Amino acid sequence: MQFDRIISKRRDRIVYKNGDDCIKVFDNKYSKVIVLSEALNQSRVEEAGLNIPHIKEVGQFDGKWGIVSDYIEGKSLEELMREIPEEQDKLLDKFIDVQMNIQSKRDQYLTKLTDKVNRKINQCSLENDIKLELYTRLESMPRYGNMLHGDLDPSNVIITDDNEIYILDWSHVTQGNPGHDVARTYLLFLLKKQDEIAEKYLNRFCEKSGLDKKQVLRWMPLVAVAQSLNGKQDEWELLKKWIDTVND
């Protein structure tokens, strides 16, 4: 494959820039079904009216499946928060507005959050009594149908030179309880050791949205279990701390 350059690289996928296109190429372990499912979900998000890169093509590249979409030129909110620290609070508010806008959308055909979380609990290697507590916690959570990004942090929000906002990376989108998405974002800040920003984010989001902070934190054992399946040893101590709160 000869593309302009690599934008990002993970162990199971590489994202390339090629002219005006962004090409996400998946590892061979990803089947056609999984890739087409991701493309379908992103198409559903497009139709919901959110400003996201439009999918142009799904195809094979040197025998590997990939998704071609618009390349968005700009800076992420993460970059801007780092480059302009005095604007951090303002940019964090902009990020929260983006997330609240996502959660205002609905699509009944998206994967249900509860189904996904159930699978994550089943896949983890924790003791059966802890799994039972996690299943019980999940069952007790209110059911909603809001659109949830599933992996939102400031690196996934791009601001163009024209001041347009685009939201990237829709591989984890589901429908369900907004508190889960907020807990997930809060955890992502903590994993980056941005504790001060994490607390500002959580308090400000709950203030603006009316979500109950205690109810958001009840999701933390569940989002921590899902994150633990990535197998990153340097994250385990923090994740285990949150998983243990399922007994509180």
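Let us look at the structure shown here. The structure presented is a predicted model; accordingly, all values stated were derived computationally and were not measured. (Residues numbered from 1 in each chain as written. Predicted model: local features only at pLDDT ≥ 70, side-chain atom pairs only at ≥ 80, totals over all residues. Heavy atoms only, no water.)

Overview of helix H6 (residues 178-191)
It helps to recall that an α-helix has 3.6 residues per turn; residues three or four apart then point in one direction. Under the 1.5 Å per step criterion, the end-to-end length of H6 is 20 Å for 14 residues, consistent within 8% with the ideal 20 Å. At the N-terminal boundary of H6, the capping side chain belongs to asparagine 177, with an oxygen 2.8 Å from the backbone nitrogen of glycine 179. (Helix = DSSP H or I, 4+ residues; strand = E, 2+ residues; numbered from the N terminus. Expected span 1.5 Å × (residues − 1). Polar contact = N/O pair within 3.5 Å; in protein donor to acceptor, adjacent residues only side chain to side chain.)

Observations concerning the pairing of strand E2 (residues 13-18)
Sheet faces and side chains relate simply in a regular strand, where the side chains alternate between the two faces. The buried count for E2 comes to five of six residues, which makes it a mostly enclosed element. Both strand E1 (residues 5-10) and E2 contribute to a ladder of five bridges, which runs antiparallel. Bridged to arginine 5 within E2 is lysine 17. Adjacent in sequence and paired antiparallel, E1 and E2 are bridged by two residues. Direction of pairing for E2 relative to strand E3 (residues 21-26): antiparallel, over a ladder of six bridges. Each bridged residue has a counterpart across the sheet, and for arginine 13 the counterpart in E3 is phenylalanine 26. Counting the residues between successive antiparallel strands, the hairpin from E2 to E3 contains two residues, one of them, glycine 19, with a positive phi of roughly 65°. (Buried < 20%, exposed > 50% of the residue type's maximum accessible area, 1.4 Å probe, protein only. Pairing = 2+ DSSP bridges.)

Regarding the nonpolar core
Counting residues in hydrophobic clusters, the biggest one holds 54 residues, and the most contacted among them are Trp170 and Tyr201. Looking at this core element by element, the count peaks at seven residues for H6. Ignoring anything within four residues of it in the chain, the contact list for tryptophan 170 reads Gln42, Val45, Leu50, Ile52, Ile102, Met147 and His149. (Core = buried A, V, L, I, M, F, W, Y, C linked by side-chain atoms within 4.5 Å. Contact = heavy atoms within 4.5 Å.)

A closer look at the sheet that holds E3
Spatially, five strands are ordered E1-E2-E3-E5-E4 in an open sheet, and the strand pairing comes out antiparallel. Strands at the two margins of the open sheet, each flanked by one partner only, are E1 and strand E4 (55-61). The mean inter-strand angle of the sheet, taken between neighbouring strand axes irrespective of direction, is 20°. Pairing analysis gives six bridges linking E4 to strand E5 (residues 64-70), with the strands arranged antiparallel. (Axes fitted to C-alpha atoms, helices over the stretch in contact; angles between N-to-C directions.)

Examining the packing of H6 against helix H10 (residues 236-243)
H10 packs onto H6 with a crossing angle of 145° between their chain directions and a minimal axis gap of 11 Å. Seen along the crossing, H6 lies across H10 with a hand that is right-handed. When H6 is examined against H10, the residues Tyr186, Leu187, Leu190 and Leu191 are found in contact with a partner set consisting of Leu238, Leu239 and Trp242. Broken down by class, the residue content of the contact of H6 with H10 amounts to seven nonpolar, no polar and no charged. (Left-handed = near helix turned anticlockwise from the far one by under 90°. Nonpolar A, V, L, I, M, F, W, Y, C, P; charged D, E, K, R; others polar.)

Remarks on the pattern of salt bridges
Pairs can form between side chains of opposite charge whenever their charged atoms are close. Throughout the structure, instances matching the rule amount to 16 salt bridges. Between glutamate 78 and lysine 192 there is a salt bridge, with the nearest N and O atoms lying 2.6 Å from each other. Highlighted residues: glutamate 78 in helix H2 (residues 77-83) and lysine 192 in the loop between H6 and helix H7 (195-209), separated in sequence by 114 residues. By relative accessible area, which is 23% here, glutamate 78 ends up partly exposed. Two residues, glutamate 139 and arginine 143, come together in a salt bridge whose shortest N-O distance is 3.2 Å. Assessed through its relative accessible area of 57%, glutamate 139 is described here as exposed. Members of the salt-bridge network, linked through shared partners, are Asp21, Lys56 and Asp70. (Salt bridge = Lys/Arg side-chain N within 4 Å of Asp/Glu carboxyl O.)

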